[in-house]
Amino acid sequence: MKLSEEVFNRDHIIFRVPTGEKGCRFDSAILERVVQGLIDEKLKDKNANMAETYNSNDKMCHTFVVATSAAVAQGPPILFRSYSTHENNASKCAIWKAVRATSAAPSFFDPVFINVPDPGAWYVDGGLRFNNPAQVALDEARQCWPQIKRFSVLSIGTGRQTNVEFVNIKDVQPPKETKASKGLFTKVMSKVPGRNVIINAPGAAKDMLHIGKACVDLSTNSESTHEAMLTLAISKDPHYRFPYYRFNVENGMDSIGLEEWKTNVRIGELTEQYMRKRECKMDKVACASILINPAPVERT
């Protein structure tokens, strides 16, 4: 909470338009300073890189963060790893830069340039296309332990989104055909060149904003990945099934923005109510049991 309060305390926005430096709502320099402070407190080196945090002789958690290439956004996810696999080496990128990359949500924070490896590249938030990295994590686990046959997956969401609508449909009934009455305004405008553009401009602008929001909602939606993971977990072939649990608050979280750190009490209330549901309680016990006492390792 202290980090959120420092980073999101000053919001550069007027009438929903970012007015900060580089057209962003928040100052990335503050985020960098706060993250560097946390890293320095823990590792005694604010510029420690991802690879330096991992020691193969220790039982340390394999960690990665996801970013998106600013130049090739449609490409595969960019992973900054603290570990090496048979296909990829651990990243020598500074931890704070990896944090900046995975936090660079457009309009919130500006993109970050990372010069490792050469010649470097610009990155934005990985949540634009990989907001739910569960499948990415499963693929990574298979790279780290290629001989392991089955993994257990725990996915924790940040709240279910509302339905994404490209058209704002307020009535399920089709519109009735009516003859438009020609008032004085209509008669006057009928004689103005380019009248259709003038008349339709306000509605068209509103529609474009609505479509833009829908595109953002789709690009950050997590449910499609959850459905794909669920399909894999309950495969028709019992040899390919694996334990998969996802906890994601169903109601109320979609109205809380990334920057709204003051709503921590509301977030806690919604989460607590969600976890009180009998189904969640059962899943929580089953998930904890598997994590504490995992099944014997199956190797291929």
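This report concerns the structure included in the present document. Since this is a predicted model, take the numbers as computed values, not measurements.

## Quick notes on unusual backbone geometry
Here comes step 1: Of note, the bond from Val 116 into Pro 117 is cis; its omega dihedral lies within 30 degrees of zero at -5°.
Here comes step 2: On the secondary structure map, Pro 117 appears in the loop between strand 5 (112–114) and strand 6 (121–125).
Here comes step 3: Between Asp 118 and the following residue, Pro 119, the backbone shows a cis peptide bond with an omega angle of 0°.
Here comes step 4: Turning to its location among the elements, Pro 119 is positioned in the loop between strand 5 and strand 6.
Here comes step 5: If you check the backbone angles, Lys 44 has positive phi at about 65° while not being a glycine.
Here comes step 6: Among the structural elements, Lys 44 can be located in the loop between helix 2 (28–43) and strand 3 (64–69).
Here comes step 7: A relative accessible area of 67% places Lys 44 in the exposed class.
Here comes step 8: Positioned with a positive phi, Ser 107 is a non-glycine residue whose angle comes to about 80°.
Here comes step 9: Turning to its location among the elements, Ser 107 is positioned in the loop between helix 3 (95–103) and strand 5.
Here comes step 10: Looking at Ser 107, the relative accessible area reads 32%, which means it is partly exposed.

## Points about the side chain of Arg 246
Here comes step 1: By the secondary structure assignment, Arg 246 is in strand 8 (residues 244–247).
Here comes step 2: Within the local environment of Arg 246, its side chain forms a polar contact with the side chain of Ser 155, the two groups lying 2.6 Å apart.
Here comes step 3: Every residue in contact with Arg 246, bar those within four places of it in the chain, is listed here: Asn 132, Ser 155, Ile 156, Gly 157, Ser 222, Glu 223, His 226 and Tyr 274.

## Considerations on the pattern of salt bridges
When the charged atoms of two side chains with opposite charge come close together, those side chains can pair.
Here comes step 1: Applying the stated criterion to the full structure yields seven salt bridges.
Here comes step 2: Of the charged contacts in the structure, one is a salt bridge between Glu 223 and Arg 160, with a shortest N-O distance of 3.2 Å. Highlighted residues: Glu 223 in helix 8 (residues 223–233) and Arg 160 in the loop between strand 7 (153–156) and helix 6 (184–189), separated in sequence by 63 residues.
Here comes step 3: Note that Lys 277 and Glu 250 form a salt bridge whose closest N and O atoms lie 2.8 Å from each other. Of this pair, Lys 277 sits in the loop between helix 9 (264–275) and helix 10 (278–292) while Glu 250 sits in the loop between strand 8 and helix 9, and the two are 27 residues apart along the sequence.
Here comes step 4: Here the residues in one salt-bridge network are Glu 32, Arg 100 and Asp 110, joined through shared partners.

## Remarks on the nonpolar core
Here comes step 1: Counting 24 residues, the largest nonpolar core has Phe 80, Ala 101, Phe 109, Ile 114 and Tyr 123 as its most contacted members.
Here comes step 2: Looking at this core, the elements with two or more residues in it are helix 2, helix 3 and strand 5.
Here comes step 3: Those residues in contact with Tyr 123 that lie beyond four places of it in its chain are Ala 67, Thr 68, Ser 69, Ala 70, Ile 78, Phe 80, Ala 101, Ala 104, Pro 111, Val 112 and Ile 114.
Here comes step 4: Counting ten residues, the second-largest nonpolar core is a separate cluster that includes Ile 148, Phe 151, Val 153 and Phe 242.

## Let's talk about the packing of aromatic side chains
Here comes step 1: Counted under the stated rule, the structure contains seven aromatic pairs.
Here comes step 2: Here Trp 145 and Phe 151 contribute two aromatic rings whose centre-to-centre distance is 6.4 Å and whose plane-to-plane angle is 45°, an arrangement assigned as tilted.
Here comes step 3: Looking at Trp 145, the relative accessible area reads 38%, which means it is partly exposed.
Here comes step 4: The class of Phe 151 is buried, set by a relative accessible area of 13%.
Here comes step 5: Three or more aromatic residues joined by ring pairs form one cluster here, namely Phe 8, Phe 26, Phe 108 and Phe 109.

What counts and how
Residues numbered from 1 in each chain as written. Predicted model: local features only at pLDDT ≥ 70, side-chain atom pairs only at ≥ 80, totals over all residues. Heavy atoms only, no water. Helix = DSSP H or I, 4+ residues; strand = E, 2+ residues; numbered from the N terminus. Buried < 20%, exposed > 50% of the residue type's maximum accessible area, 1.4 Å probe, protein only. Polar contact = N/O pair within 3.5 Å; in protein donor to acceptor, adjacent residues only side chain to side chain. Contact = heavy atoms within 4.5 Å. Salt bridge = Lys/Arg side-chain N within 4 Å of Asp/Glu carboxyl O. Core = buried A, V, L, I, M, F, W, Y, C linked by side-chain atoms within 4.5 Å. Phe/Tyr/Trp six-rings, centres within 6.5 Å; stacked < 30°, edge-to-face > 60°.

By themselves these figures say nothing about function.
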